Amino acid sequence: MNKRDFIKQLGLGSAAILSAPVFFQSCEGESGEEKDFKLWVWTGGGNKTEAQWDEELAGLKSLGFFGVLVGGGKPVLEKAIPAAKKHGLEIHAWQWTMNRPGDKTAQQHPEWYAVSREGNSCYDVRPYVDYYQWLCPTKPEVQEFVYNGMMEICDIDGLDGVQLDYVRYCDVILPRGLWEKYDLVQDHEMPEFDFCYCEDCRSKFTSEQGYDPLDLEDPSQDEKWKQFRYDSITNLVNKIADGVHQRGKKLSASVFATPSLARMMVRQDWDKWNLDFVFPMIYYKFYAEDIDFMKRATEEGIKDLNGSKPLYTAFYLADKNNEELKEAIELVRQTNANGMAFYDYGLMNEEFRAIIKEQKEA
Ligand SMILES: [Zn+2]
């Protein structure tokens, strides 16, 4: 079955649920004090017609979803937005930020790409996977390019906000569950995965701190050099936030599981970002953790945010069975999370839909 047929079949699945008798009734009365647990899902698809979007989003609304994070840029969003409005769903543009594989504009500027501690540019040498081609967040030209692209998307009529993905450095440490896949033991920062050592980053850091990170015996141990890179991403995010907020829209981001892991692995200092809400991707199997990590990591994020913004725990539907999905939602519902986001729509089979609906109403 190709992907389109698969999605089509999912669409029919949702209709089947709709026409079935109401089997999931809430046991709780409407006490009014229980806060709303909002559901989001990542979706996209360049080939979907407006009618297909209408069917898809009607189905999501009937399952109790609150919003969709739609990839594919302007042409896709313009087809999806009317359906989102019609069915009362929030719609945010899902945008890749620093990782820009094959980006036509960026490709014209090889000097924009991040440089590893070994001295290789992501323009020529892609770390780990072919779709990793990272830009340097410190360069003013890169910041302008990224900012302008986000504003162009943000300006689309009817869009509620922008959701940043890949808003970070390349993984200097991969989540523990992925080490075997890449045949690596990453108990230390390896130079080929450590970014960015371009002339601009080094000279800016040197002018601020008086030394070049490349002159350090072990740059991975230098707190100021770490902080410089956290700040480089934070500054760009906050600049985008200013522009999005000026336009009266919302900014969010999908980030690594907890603030401490995110800083250590990808230099994301996300609890400091000026976002409207955040989606920590608590993909516990990638971290070689048990399912209780859904709860522990969610609680850590909430604690570090200290009430500054809503948190929606993101869950990866691949490689999960029905029981794991059910338990994950139960665990997150035991925390003060504001809801959950699911990756992604194409993986939401009929059984998963039923479990999500049941758990939302439980
Ligand atoms: Zn750089």
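Look above for the structure.
Keep in mind that this is a model prediction, so the values were computed, not measured.

## A few points about the sheet that holds strand E6 (residues 277-280)
Logical step 1: With respect to topology, 8 strands assemble into an open sheet ordered E6-E5-E4-E3-E2-E1-E8-E7, the strand pairing being parallel. Edge positions in the open sheet fall to E6 and strand E7 (312-316), since each of these has one partner strand only. Across this sheet, the average inter-strand angle for adjacent strands is 25°, counted without regard to direction.
Logical step 2: Here strand E5 (residues 250-255) runs beside E6; their pairing, made up of 4 bridges, is parallel. Directly across from serine 252, in E6, lies its bridge partner phenylalanine 277.
Logical step 3: Seen against the sheet, helix H3 (residues 74-87) touches strand E2 (67-70) and strand E3 (90-96) and runs at an angle of roughly 155° to E3.

## Digging into the packing of helix H5 (residues 140-154) against helix H7 (residues 223-246)
Logical step 1: Packing of H5 against H7 leaves a shortest axis separation of 10 Å and a crossing angle of 30°. The orientation of H5 with respect to H7, classified from their angle, is roughly parallel. For H5 against H7, the interelement crossing comes out right-handed. Along the contact surface, H5 presents Gln143, Val146, Tyr147, Met150, Met151 and Cys154, while H7 presents Leu236, Lys239, Ile240, Gly243 and Val244.

## Structural notes on the environment of serine 308
Logical step 1: By secondary structure assignment, the location of serine 308 is in the loop between helix H9 (293-305) and E7.
Logical step 2: For the pair formed by serine 308 and aspartate 271, sequence separation is 37 residues and the distance between their alpha carbons is 8.6 Å.
Logical step 3: Of note is the side chain of serine 308, whose polar atom sits 2.8 Å from the backbone oxygen of leucine 305.

## Some thoughts on the environment of cysteine 198
Logical step 1: Along the polypeptide, cysteine 198 turns up in the loop between strand E4 (161-165) and helix H6 (199-209).
Logical step 2: Sequence spacing of cysteine 198 and glutamine 52 is 146 residues, and the spatial spacing of their C-alpha atoms is 45 Å.
Logical step 3: Sequence-distant contacts of cysteine 198, defined by excluding residues within four places in its chain, comprise Val115, Cys136 and Lys139.

## Some thoughts on the coordination of the zinc ion
Logical step 1: On the protein side, the zinc ion has Cys136 (SG), Cys196 (SG), Cys198 (SG) and Cys201 (SG) as donor atoms, found 2.3 Å from it.
Logical step 2: Of note is the zinc ion, whose 4 donor atoms meet at the metal with angles of 98 to 114° in an arrangement that counts as tetrahedral.
Logical step 3: All donors of the zinc ion belong to a single chain; written as a sequence motif, their spacing is C-x59-C-x1-C-x2-C. Residue cysteine 136 is located in the loop between helix H4 (104-107) and H5, and its partner cysteine 201 is located in helix H6; the two are separated by 65 residues in the primary sequence. Per residue, the accessibility class of cysteine 136 equals that of cysteine 201, and both read buried.

Conventions used here
In every chain, residue numbers begin from 1 and rise along the written sequence. Confidence filtering applies because this is a predicted model: local features only for residues at pLDDT of at least 70, side-chain atom pairs given and counted only at 80 or more, and all residues used for totals across whole chains, interfaces and linings. Only hydrogens and water are set aside when side-chain values are computed; all heavy atoms of the structure are taken into account. At least two bridges found by DSSP between two strands is the condition for calling them paired. For helices the rule is a DSSP run of H or I covering at least 4 residues; for strands it is a run of E covering at least 2, with both sets numbered from the N terminus onward. Fitted lines through C-alpha atoms serve as axes, helices being fitted only where they are in contact, and the angles separating the N-to-C directions of these axes extend from 0 to 180 degrees. Any two residues whose heavy atoms approach within 4.5 Å at even a single point are treated as in contact. Throughout this description, any angle smaller than 35 degrees is read as roughly parallel, any larger than 145 degrees as roughly antiparallel, any in the 65 to 115 degree range as roughly perpendicular, and the remainder as oblique. In a left-handed crossing the near helix is turned counterclockwise from the far helix by less than a right angle, and in a right-handed crossing that turn is clockwise. Polar contact criterion, stated in full: a pair of N or O atoms within 3.5 Å, where within protein one must be able to donate a hydrogen and the other to accept it, and residues adjacent in sequence count only if both atoms are side-chain atoms. Distances decide who is a donor: an N, O or S atom must be within 2.8 Å of the metal, or within 3.2 Å for Na, K and Ca. Water is not included, so sites may look incomplete. Note on geometry labels: four donors, all angles 85 to 135 degrees, give tetrahedral; four donors become square planar and six octahedral when opposite donors are over 155 degrees apart and every other angle is between 65 and 115; remaining cases are irregular. A simple rule labels every residue: compare its accessible area, found with a 1.4 Å probe on the protein chains alone, to the largest value its type can have, and call it buried under 20%, exposed over 50%, or partly exposed in between.

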